[in-house]
Amino acid sequence: MKANYVQRGEYIDIVPESKVNAGDVVVQGDLVGISKLDIEAGKLGAIATTGVYDVEKGNETFAAGAKAYWDGGKATATAEGNTRIGLAVQAADASSPTVRILLNA
């Protein structure tokens, strides 16, 4: 079978097992997305897989262009045991609560 076009891929449909709140980072294997709207458990919704987002981080620093990972609760510069979320598009110092990330870059 040849491939058939389905969608552009900026948003991917999901049916989450538990409620997803707007702004939540959703990780499914190596697929990372961010929900723009609340999605109820067991209901069809969509997560964004592209775009630039301000993502919560710990007290780490990021240089512009640095790889960013998701540790299950915040963005981190630590690759080991975490899922790559994208690239920092601006530098963020340790005191900044967020890092601006180009999702899935």
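Residues numbered from 1 in each chain as written. Predicted model: local features only at pLDDT ≥ 70, side-chain atom pairs only at ≥ 80, totals over all residues. Heavy atoms only, no water.

Visitor: Sorry, what's going on with the sheet that holds strand β9 (residues 98-103) here?
Guide: Sheets are built from strands that pair by backbone hydrogen bonding, the pairs being arranged parallel or antiparallel. In space, the five strands of this open sheet follow the order β5-β9-β8-β6-β7, with antiparallel pairing throughout. One side of each edge strand has no neighbouring strand; the edge strands of this open sheet are β5 (52-56) and β7 (75-76). Bridge count between strand β6 (residues 67-70) and strand β8 (residues 83-88): four bridges; the pairing is antiparallel. Counterpart to A68 in the pairing with β8 is G86. (Pairing = 2+ DSSP bridges. Helix = DSSP H or I, 4+ residues; strand = E, 2+ residues; numbered from the N terminus.)

Visitor: Explain the pattern of salt bridges to me, please; I cannot follow it from the model alone.
Guide: Considering all chains together, one arrives at four salt bridges under this definition. One salt bridge in this structure joins R8 and E10, with 2.8 Å as the shortest N-O distance. E10 sits in the partly exposed class, given a relative accessible area of 31%. K74 is paired through a salt bridge with D71; the nearest N and O atoms lie 2.9 Å apart. (Salt bridge = Lys/Arg side-chain N within 4 Å of Asp/Glu carboxyl O. Buried < 20%, exposed > 50% of the residue type's maximum accessible area, 1.4 Å probe, protein only.)

Visitor: I tried to follow the nonpolar core on my own but got confused; where do I start?
Guide: If you look at soluble globular proteins, the nonpolar side chains tend to sit buried side by side. In terms of nonpolar packing, the biggest core is built from 16 residues, with V55, I85, V99 and I101 touching the most fellow members. Put simply, the parts of the chain that give this core at least two residues each are β3 (31-35), β5, β6, β8 and β9. For this core, the element with the highest residue contribution is β9, accounting for three residues. Core analysis: the next-biggest nonpolar cluster, separate from the first, contains five residues, V20, V26, I39 and I47 among them. (Core = buried A, V, L, I, M, F, W, Y, C linked by side-chain atoms within 4.5 Å.)

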